[in-house]
Amino acid sequence: MNSDPLLTIDHLTMRFGGLTAVDDVSFDVRRGDITALIGPNGAGKTTVFNCITGFYRPSVGRLVFSVGERLDREAVVALTNSGRRYSKQHELFLLERMPDQEIAREARVARTFQNIRLFTGMTVLENLMVGEHNPLMLASGYSLFGLFGLPAYRKREAQALEHARFWLDRIGLTARADDPAGALPYGQQRRLEIARAMMGEPILLCLDEPAAGLNPRESAELNELLRTIRNEQGTSILLIEHDMSVVMEISDHVVVLDYGEKIADGTPDAIRTDARVIAAYLGVEDEEEVEEIEAALAGGQRR
């Protein structure tokens, strides 16, 4: 397991008026890992995602994204004190200071949502090409070069098509490239949405409940796709997931939230036997009941 942090979440707090949705949460997303963020409904998981990806600006806390090989603490302090958003010299980004479009474009953090957001009337291939929108617009001189079909634009368009075909092959949808995205089965739509996010070649891919609504076969296909993204593309993954079979099978690192607070942080094996985690999922609030669960787990381990 890689100990080098890609994203350091430091004392993150998010308040909405008098409601504290996330309360002083800290953890690392390590480079090259698949990190799962889990917890009961209402635990604050999506709020953390929204802070990371710029949809919310945290009330308190720092979100340090380090593209370089190692997190340079002195550079983080210097960047924080400067009031700037990022340092290209040190390849550091303070995500809490950046709007969502800059986080996606400059820091190369991509995300999907709990509810699928494909362009259902467009073809499968066209949906993937949407992921190349920004570089294609730049290459087209914001439409002028594209209208005249200049060589630089045609070359960039050909590269985008080649990239899209690569992902069509990876998700097994080459034969359906010209079909409307809305005509795909649910599991294929999920994979298409992930592939579209990967068109931007993100360094960190944030997935909000990617296995929601999938059957066991589709979940297995998703697991294989996520392993491929991590192993072959070198993309780190942070996912919110309720399907514990997915979490325990593919995750290197699991963080558990409950009522906006972090209650556990460790390997899947450590998390599956953590009394606080079990109590949270069972809805246990009494400390004595948690102690009873801990005792039962200890007894089972001795046997």
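Provided above is the structure to which this section pertains.
Basis of the calculations
Residues numbered from 1 in each chain as written. Predicted model: local features only at pLDDT ≥ 70, side-chain atom pairs only at ≥ 80, totals over all residues. Heavy atoms only, no water. Buried < 20%, exposed > 50% of the residue type's maximum accessible area, 1.4 Å probe, protein only. Helix = DSSP H or I, 4+ residues; strand = E, 2+ residues; numbered from the N terminus. Pairing = 2+ DSSP bridges. Core = buried A, V, L, I, M, F, W, Y, C linked by side-chain atoms within 4.5 Å. Contact = heavy atoms within 4.5 Å. Axes fitted to C-alpha atoms, helices over the stretch in contact; angles between N-to-C directions. Phe/Tyr/Trp six-rings, centres within 6.5 Å; stacked < 30°, edge-to-face > 60°. Lys NZ or Arg CZ within 6 Å of the ring centre and 35° of its normal. Salt bridge = Lys/Arg side-chain N within 4 Å of Asp/Glu carboxyl O.

A.B. asks: Where do I start with the pairing of strand β8 (residues 204-208) in this structure?
C.D. replies: As a general feature of sheets, a regular strand has side chains that alternate between the two faces. With respect to burial, β8 is a largely interior element, five of its five residues being buried. Along β8, one buried face is formed by Leu204, Cys206 and Asp208 and the opposite face, lined by Leu205 and Leu207, is buried too. Inspection of the sheet shows strand β7 (residues 109-111) paired to β8 by three bridges, in the parallel sense. Bridging across to β8, Ala110 finds its partner in Leu205. Summarising the sheet, β8 and strand β9 (residues 236-240) pair through five bridges and their orientation is parallel. Among the inter-strand pairings, Leu205 is bridged to a residue of β9, identified as Ile237.

A.B. asks: How do you make sense of the nonpolar core when you look at a structure like this?
C.D. replies: A general trend in soluble globular proteins is that nonpolar side chains are found buried together. Core analysis: the largest hydrophobic core is formed by 45 residues, its most contacted members being Leu192, Leu205, Leu226 and Ile229. The element contributing the most residues to this core is helix α8 (residues 186-198), with five residues. Setting aside residues no more than four positions away along its own chain, Ile229 makes contact with Trp167, Ile194, Met198, Leu205, Gly234, Thr235 and Ile237.

A.B. asks: Which parts of the structure should I look at to understand the sheet that holds strand β2 (residues 19-30)?
C.D. replies: The pairing of strands in a sheet comes from backbone hydrogen bonds and takes either a parallel or an antiparallel form. Strand order in the open sheet formed by five strands is β2-β1-β4-β6-β5, with antiparallel pairing between adjacent strands. Bordering the open sheet on either side are β2 and β5 (86-87), each of which pairs with just one other strand. As paired elements, strand β1 (residues 5-16) and β2 share eight bridges and run antiparallel to each other. Paired with Leu12 across the bridge in β2 is Val25. Of the strands in this sheet, β1, β2 and β4 (60-66) are in contact with helix α1 (residues 45-52), which crosses β1 at around 115°. Packing against the sheet, helix α2 (residues 73-82) makes contact with β4, β5 and β6 (92-94), and its axis sits at approximately 45° to β6.

A.B. asks: Before we go on, may I ask you to explain the packing of aromatic side chains in this structure?
C.D. replies: Where two aromatic rings form a pair, the distance of their centres and the angle of their planes describe that pair. The final tally for this structure, using the stated rule, is five aromatic pairs. Residues Phe55 and Phe113 carry aromatic rings whose centres are separated by 5.7 Å and whose planes lie at 90° to one another, so their mutual orientation is edge-to-face. Taken together, the residues span a long stretch of sequence, with Phe55 in the loop between α1 and β4 and Phe113 in the loop between β7 and α4 (124-130) at a distance of 58 residues. Using a relative accessible area of 41% as the deciding quantity, one classes Phe55 as partly exposed. Their ring planes at 40° and their centres at 5.4 Å tell us that Tyr86 and Phe93 sit as a pair that is tilted. The exposure class of Phe93 is buried, given its relative accessible area of 4%. When the ring centre of Phe113 is taken as reference, the NZ or CZ atom of Arg117 above it lies at 3.8 Å.

A.B. asks: How should the pattern of salt bridges be read in this particular structure?
C.D. replies: Two side chains of opposite charge can pair, provided their charged atoms sit close to one another. Using the criterion set out here, one finds 17 salt bridges in the structure. The shortest N-O distance in the salt bridge between Glu102 and Arg85 comes to 3.0 Å. One end of the pair, Glu102, is in helix α3 (residues 100-105); the other, Arg85, is in the loop between α2 and β5, and 17 residues separate them in sequence. Its relative accessible area of 15% is what places Glu102 among the buried residues. The exposure class assigned to Arg85 is partly exposed, which follows from its relative accessible area of 35%. Close ionic contact of Asp179 with Arg176 constitutes a salt bridge, the shortest N to O distance being 2.8 Å. For Asp179, a relative accessible area of 27% puts it in the partly exposed group. Owing to a relative accessible area of 25%, Arg176 belongs among the partly exposed residues under this scheme.

A.B. asks: Looking at this structure, I do not really get the sheet that holds β8. What am I missing?
C.D. replies: Strand order in the open sheet formed by six strands is β7-β8-β9-β3-β10-β11, and the pairing between neighbours is mixed. Of all the strands in the sheet, just β7 and β11 (261-266) have a single pairing partner and so form its edges. Taking the axes of each pair of neighbouring strands and ignoring which way they run, one obtains an average angle of 15° across the sheet. This element, α1, spans β3 (34-38), β7, β8, β9 and β10 (253-258) of the sheet and lies at about 140° to β9. Those strands touched by α8 are β7 and β8, and its axis lies near 155° from that of β8.

A.B. asks: How should I be thinking about unusual backbone geometry in this particular structure?
C.D. replies: The general pattern is negative phi for most residues beyond glycine and trans for most peptide bonds. Positive phi, close to 55°, is recorded for Asp24, a residue that is not glycine. On the secondary structure map, Asp24 appears in strand β2. According to the relative accessible area criterion, Asp24 is partly exposed, its value standing at 43%. Backbone geometry places Glu91, a non-glycine residue, at a positive phi of 55°. Note that Glu91 resides in the loop between β5 and β6.

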